[in-house]
Amino acid sequence: MAPSNASSQIPDTLILTGIPGMEQLHVWISIPFCSMYVAALLANAVLLFTIWAERSLHQPMYLFLGMLALADLALSTTAVPKMLALFWFRAREISFGGCLTQMFFLHSTCLVESVILLAMAFDRFVAICFPLRYGAVLTPSVVAKTGLLALLRAFCIIFPCIFLLRRLPYCGHRVMAHTYCEHIGIARLACADISANVWYGMAVPFSVAMLDLVLIAVSYGFILLALARLPSRAARHKALHTCGSHVCVLLLFYVPAVFTALAQRFGHHIPPKAHILLANLYVLFPPLLNPIIYGVRTQQVRDKVVKVFVRPTR
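Analysis parameters
Residues numbered from 1 in each chain as written. Predicted model: local features only at pLDDT ≥ 70, side-chain atom pairs only at ≥ 80, totals over all residues. Heavy atoms only, no water. UniProt positions renumbered as here; feature names shortened; annotations may be inferred. Salt bridge = Lys/Arg side-chain N within 4 Å of Asp/Glu carboxyl O. Helix = DSSP H or I, 4+ residues; strand = E, 2+ residues; numbered from the N terminus. Buried < 20%, exposed > 50% of the residue type's maximum accessible area, 1.4 Å probe, protein only.

Per an unreviewed UniProt entry, the protein goes by the name Olfactory receptor and belongs to Chloropsis cyanopogon. One UniProt comment on the protein, placed under Function (unreviewed entry), says "Odorant receptor." In UniProt, the protein has this text filed under Sequence similarities (unreviewed entry): "Belongs to the G-protein coupled receptor 1 family."

Structure below.
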């Protein structure tokens, strides 16, 4: 197929089929999905408003937490409304450009979250290992530059995927067994070799995320060494407690992400509906549970939420 003919075979629209083999259950599946999405919106909105309203929370740890809440909102909102429209109204069509846009924001947001989680690990490292230099190292300028770096890095890594997809001929294939658009799912519709898409889609984002995970592990290695030198058990327990919420969020983000990536590449014997259900839960569970984990485990956040939303009556 000549490259000049590739653009002529890009479909105007794609068709999302939902969860294969479970089409009759789409309406029932949508009930818990919609409930989790609404709860995620409310929980993250409450967290963001509390951080914005309380000046005592304008510290790096909580500013990074606010960035994480924004990324969670972007992740779920990019995928879930279209998913619910498909389940409720059988709105299965999506323009090819809209599909690429959804793919771009989904994958970019995941990479942004990875940087934010790394920044939160570094925040804990500085706070525990170099407490006297905390304010000098993590200034508001550094926090803002970290957010911009996360956006820029995600853009540079995911934007080439759009060109990798647009160069492919699709030969009229436009039915995708999924509830939202993702890179490899779109590439598999092509009637050409997609090796470049597979290797770029796996190697680059996966290696970047793994680098973040290694740096997070190194940070926690230094944190554990510092805690081992603390003479007081109460001090060790307090420091570990401040890291506990972050560790829970790390597991919630990276374990499903790594499993999904490996299953997509090597799990040929896993039923497609299991892949898609897991992918749907991945855009719902972290946005729902992250603010709850921090709200329950972090007393300062919990107290400020109560102060902002449950003011004493006069």
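A. Layout of the pattern of salt bridges. All told, the structure shown has five salt bridges when counted by the stated rule. As a salt-bridge pair, E93 and R174 come within 3.8 Å of each other at their nearest N and O atoms. Within this pair, whereas E93 is found in strand 2 (residues 93-95), its partner R174 is found in the loop between helix 5 (140-166) and strand 3 (175-176), the two being separated by 81 residues in sequence. Look at E93 and you get partly exposed, because its relative accessible area is 48%. A relative accessible area of 28% means that R174 is categorised as partly exposed. Note that D123 is salt-bridged to R124, the shortest N-O span being 2.7 Å. R124 sits in the buried class, given a relative accessible area of 10%. Each of E54, K304 and K307 takes part in salt bridges that share partners, so that together they form one network.

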